[in-house]
Amino acid sequence: MSLSKLSKIIFKVLCSNNGSLDYEDLLSITTSISTVSDLDLNRVLSNHQLFLVVPGTGSDPSPSGITLDSRIISTSSVRLCKKYPNKECQDCGMLHLCRFFVLGNCKFGVKSNSCKHSHDIHDFHNWKVISMNSLQELSVNELRILLLQNDPSLLPEICLHYNKGSENLHYGICSRKEACNKLHICSHYVSGSCKFGDQCRRSHSFDDDDVSVLLNKLCLDEHVMQNLLKIYQNRNYIKQVNSTVGNDATTGLACAGTKRNTDAQEICLYFIRKHCSFKERCIRAHFHLPYRWQIYKEKWEDLPNMEEIEMDFCDPNNITSSGSPLINFETMMFGPYKVRRLSTASSVTKPPNYILTTEWLWYAKDAFGKWTEYESQDQVCSADLEKLYLAEVSEVSSESSAKQSFKEMCQKFIRFESEDDFRRRPRFVSKQDVEKIIQRASSAQGETNDYNSRSIPENWDKSALVDVGFRRIQLLPSSEEYKKIQALFRSSMQASNIQKMYRIQNVGLWEIFQWKKEQMRKLNGARNVNERLLFHGITTPAIVDAICSQNFDWGIMAEAGSLYGKGVHFAEKASRCFFDMYSGSATEHSIMFLARVLVGVSAQGHRACNQLPSKDGKRLNLYDSCVDDVSDPSIFVIFEKYQIYPEYVIEFDSNLT
């Protein structure tokens with residue numbers, strides 16, 4: 001049996017058992033259907049787009065390292081479309097279904113024609129979404145359970161205020177009390193970790209009055225009500241995974257976070273070259289190689305023989321490492337211990353001049369069992385597949401009648417009705433290779449310091465240019481450049497006095513900005529890109545140099561003030577950013593950046609927006625920024641720092657009285 005077929009069987013088994021099973025039960029059911037090895041089962045479960053493995057507490061692991069009491073949960077990226085109820089969406093990658101139909105009991109009955117929203121999973125749009133995500137085998141009830149535990153918008157959250165307070169209050173510290181639209185139930189009970197048991201002051205029952213009143217409004221069917229605790233537990237596990245720093249170690253994706261090195265799974269490219277200005281506040285891991293292998297024993301610890309492990313991992317023929325410790329690359333386990341691989345950013349996400357990014361290669365197994373890398377002559381190359389994979393495209397078809405499925409990690413040949421596995425592994429780089437690459441980059445910079453032949457702005461001081469880092473050039477109040485920026489600043493800040501103004505000359509950032517501008521221009525049909533000069537307020541002087549050196553990085557900033565999206569906010573008027581966008585309040589001596597920003601085509605922003613919206617429901621066609629008002633924007637939110645060049649720093653007197 002192929003791994004893709006086995007994957008479909010396991011997925012349906014989980015969904016038919018209310019979304020999850022203990023590994024022991026899953027193994028028993030699966031082996032009763034077909035002869036399946038423990039290793040094959042674990043290879044399938046390593047697909048984290050479909051399955052979540054919650055480690056158990058047992059000490060008797062299976063041969064592949066998963067304990068028999070581990071919980072296996074079915075996961076999916078499919079959600080209900082939020083715009084569909086208002087008829088604002090025509091075609092997207094989400095389901096167009098009645099919310100109450102999914103919950104179980106729509107008051108208009110089971111026939112979709114008596115409800116203005118669809119009840120039909122087989123209509124053209126919904127079946128297309130279901131087919132794209134390989135969910136055709138699921139019944140309506142199985143799909144319902146899958147959605148309830150994966151789509152956070154369907155069921156109410158647990159009220160955290162109810163769970164707080166030392167007094168024995170009926171509502172905890174929830175001020176909304178019976179009007180609260182969240183569940184008043186013990187959060188530890190739902191997560192299975194309440195140590196007080198029957199003695200707990202918080203509710204341990206979905207049948208309690210306050211809880212049942214809210215649930216009754218949702219019209220949940222009897223089957224869902226009976227399994228509500230399990231659904232909420234699975235939701236909780238999935239939410240924890242989605243909110244942790246970074247992704248699985250084998251993916252090599254970038255991570256977001258605020259803690260330095262401890263949890264970061266993306267290795268800092270600047271540190272490898274010894275130029276990280278953020279130092280201890282950097283959100284990425286600081287390591288001397290573009291990869292780092294670690295094992296979890298109470299905390300993450302570096303593994304010995306790291307280079308040898310990396311060499312084994314880069315070979316697509318290997319499922320395990322060859323030396324000691326013996327690591328299973330499919331499950332990322334060493335016996336009962338978790339293993340992870342930290343990585344630099346994927347090479348397809350960075351401009352060409354970035355060195356020591358991770359080049360991920362894609363391999364397919366041919367008829368002779370040999371792993372062969374995708375080449376450009378086959379219409380699809382590794383870089384193409386990598387871009388689609390990172391964009392979370394479920395599958396792609398090529399002109400040779402081959403279809404690559406990222407969910408199942410297999411290649412299907414439609415003409416021959418056959419399929420092969422395919423793999424994603426990095427290109428190997430040794431310690432010596434790293435040193436040579438850094439030396440070559442340094443030498444190349446020394447050889448190409450003829451700035452006159454490069455796209456340096458005419459107003460820059462050519463005698464004050466550096467290959468690495470930046471220079472601040474203080475502008476004279478008598479200069480035309482100073483007067484132009486002063487007029488722009490004082491158009492909305494008449495009562496403020498500029499103390500100093502600097503031009504930032506950073507050759508590296510400028511060239512990356514120009515590269516990004518050209519990329520956006522090509523995507524825009526060779527038309528000019530919407531570029532603006534915008535203000536951004538700073539009240540923490542310590543990060544100014546870091547921004548001048550490495551650009552804005554919202555990972556080091558909190559998101560409390562992200563009104564129109566969780567990116568970097570810029571304003572047309574200086575007065576609109578005369579406050580700390582992220583924490584605290586303005587100080588007497590304030591600093592403001594005037595940045596050159598590629599705003600491109602903008603979409604309406606909102607507080608919960610954590611990535612750029614799609615123009616057509618496909619993750620490959622995105623807007624370039626979010627704004628406060630599409631018809632007349634004054635605030636712009638940028639999610640990609642290469643769209644920004646921090647051009648001027650303005651120090652001013654912020655006493656407006």
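Reference entry: report on the structure contained in this document. (Residues numbered from 1 in each chain as written. Predicted model: local features only at pLDDT ≥ 70, side-chain atom pairs only at ≥ 80, totals over all residues. Heavy atoms only, no water.)

### What about helix α6 (residues 140–150)?
Next, step 1: α6 sits mainly inside the fold: nine of its eleven residues count as buried.
Next, step 2: Among the residues of α6, those classed as buried are E142, L143, R144, I145, L146, L147, L148, Q149 and N150. (Buried < 20%, exposed > 50% of the residue type's maximum accessible area, 1.4 Å probe, protein only. Helix = DSSP H or I, 4+ residues; strand = E, 2+ residues; numbered from the N terminus.)

### What to know about the nonpolar core
Next, step 1: Grouped together as the largest cluster of nonpolar side chains are 54 residues, with contacts concentrated most on I10, L45, L155 and L183.
Next, step 2: Looking at this core, the elements that each hand over two or more residues are α1 (3–16), α2 (23–33), α3 (38–45), α4 (99–103), α5 (124–132), α6, α8 (209–218) and α10 (228–243).
Next, step 3: In terms of residue count, the dominant contributor to this core is α1 (seven residues).
Next, step 4: Setting aside its immediate chain neighbours within four residues, L155 contacts L103, L148, L218, L220, L228, I231, Y232 and R235.
Next, step 5: With 32 residues, the next largest nonpolar core counts V507, I538, F570 and Y645 among its residues. (Core = buried A, V, L, I, M, F, W, Y, C linked by side-chain atoms within 4.5 Å. Contact = heavy atoms within 4.5 Å.)

### Side note on the sheet that holds strand β3 (residues 71–74)
Next, step 1: Read across the open sheet, the three strands follow the order β1-β3-β2; overall the sheet is antiparallel. The open sheet terminates on both sides in strands that have one partner only, identified here as β1 (20–22) and β2 (51–54). Between one strand and the next, the sheet's axes are offset by a mean angle of 20°, whatever the strand orientation.
Next, step 2: Sheet topology note: the β1/β3 ladder contains three bridges and is antiparallel. Bridge pairing in β3 places D22 opposite R71.
Next, step 3: On the sheet, α2 packs against β1 and β3 and is oriented at approximately 95° with respect to β1. (Pairing = 2+ DSSP bridges. Axes fitted to C-alpha atoms, helices over the stretch in contact; angles between N-to-C directions.)

### With respect to the pattern of salt bridges
Next, step 1: Enumeration over the complete set of coordinates arrives at 16 salt bridges.
Next, step 2: Across the salt bridge formed by R292 and D302, the nearest N and O atoms sit 2.9 Å from each other. Of this pair, R292 sits in strand β4 (residues 291–297) while D302 sits in strand β5 (residues 299–302); the two residues are ten residues apart in sequence, bridging distant segments of the chain.
Next, step 3: With a relative accessible area of 38%, D302 lands in the partly exposed category.
Next, step 4: Across the pair R425 and E330 runs a salt bridge, and its minimum N-O distance is 3.9 Å. A residue pair is termed long-range when its members are at least 10 positions apart, and R425 in strand β13 (residues 418–426) and E330 in the loop between α12 (306–314) and β6 (333–334) qualify at 95 residues.
Next, step 5: For R425, a relative accessible area of 4% corresponds to the buried category. (Salt bridge = Lys/Arg side-chain N within 4 Å of Asp/Glu carboxyl O.)

### Concerning the packing of aromatic side chains
Next, step 1: In total, this model carries 18 aromatic pairs according to the counting rule given.
Next, step 2: Their ring planes at 50° and their centres at 5.8 Å tell us that W293 and F329 sit as a pair that is tilted. With a gap of 36 residues between them, W293 in strand β4 and F329 in the loop between α12 and β6 connect regions that are remote in the sequence.
Next, step 3: Judged by relative accessible area, F329 falls into the buried class, the value being 3%.
Next, step 4: With 5.1 Å between their ring centres and 65° between their planes, Y296 and W300 make a pair best called edge-to-face.
Next, step 5: Owing to a relative accessible area of 27%, W300 belongs among the partly exposed residues under this scheme.
Next, step 6: Among the aromatic residues, those joined into a ring-pair cluster are W460, W510, F513 and Y645.
Next, step 7: If you follow R99 out to its NZ or CZ, it ends over the ring of F100, 5.9 Å from the centre.
Next, step 8: The ring of Y502 carries R472 above its face, with NZ or CZ at 5.2 Å from the centroid. (Phe/Tyr/Trp six-rings, centres within 6.5 Å; stacked < 30°, edge-to-face > 60°. Lys NZ or Arg CZ within 6 Å of the ring centre and 35° of its normal.)

### Some remarks on a negative patch on the surface
Next, step 1: Where like charges cluster on the molecular surface, the negative patch consists of E178, D207, D208, D209 and D210.
Next, step 2: Along the chain, D209 turns up in helix α8. (Patch = residues over 30% accessible without salt bridge, like charges linked within 9 Å, V, L, I, M, F, W, Y side chains within 5 Å. Areas by Shrake-Rupley, 256 points an atom, 1.4 Å probe, with all protein chains shown as cover. Lys, Arg positive; Asp, Glu negative; His and termini not counted. Charge placed at Lys NZ, Arg CZ, Asp CG, Glu CD.)

### Things to note about the sheet that holds strand β7 (residues 337–343)
Next, step 1: With antiparallel pairing, the four strands of this open sheet are ordered in space as β5-β4-β7-β6. Strand pairing shows two members of the sheet lacking a second neighbour, β5 and β6, which therefore form its edges.
Next, step 2: Of the pairings in the sheet, the one linking β4 to β7 comprises five bridges and is antiparallel in character. Directly across from Y291, in β7, lies its bridge partner S343.
Next, step 3: Against the sheet, α12 makes contact with β4, β5 and β7, and its axis sits at roughly 105° relative to β4, the strand it touches most.

### Section: unusual backbone geometry
Next, step 1: Phi is positive for N18, close to 60°, though the residue is something other than glycine.
Next, step 2: Along the chain, the position of N18 falls in the loop between α1 and β1.
Next, step 3: On the basis of relative accessibility, which here comes to 15%, the residue N18 falls in the buried class.
Next, step 4: Residue M332 is not a glycine yet carries a positive backbone phi of 50°.
Next, step 5: On the secondary structure map, M332 appears in the loop between α12 and β6.
Next, step 6: By relative accessible area, which is 5% here, M332 ends up buried.

### Thoughts on the packing of α1 against α3
Next, step 1: Running from amino to carboxyl end, α1 crosses α3 at an angle of 75°, the nearest separation of the two axes being 10 Å. Taken together, α1 and α3 sit at an angle that is classed as roughly perpendicular. Within the contact between the two elements, α1 uses L3, L6, S7 and I10 and α3 uses D40, L41, R43, V44 and L45.
Next, step 2: Taken together, the residues of the contact of α1 with α3 break down into six nonpolar, one polar and two charged. (Parallel < 35°, antiparallel > 145°, perpendicular 65-115°, else oblique. Nonpolar A, V, L, I, M, F, W, Y, C, P; charged D, E, K, R; others polar.)

### Focus: the environment of I158
Next, step 1: For I158, the position within the fold is in the loop between α6 and α7 (187–190).
Next, step 2: Taking the C-alpha atoms as reference, I158 lies 9.3 Å from N181; in sequence the two are 23 residues apart.
Next, step 3: If sequence neighbours within four positions are ignored, I158 has contacts with N163, K182, L183, I185, S187, V190 and Y232.

### Brief notes about the state of the cysteines
Next, step 1: By the definition in use, this model includes zero disulfides.
Next, step 2: C115 supplies the cysteine sulfur nearest to C106, a cysteine that is in no disulfide, at a spacing of 3.9 Å. (Disulfide = S-S within 2.5 Å.)

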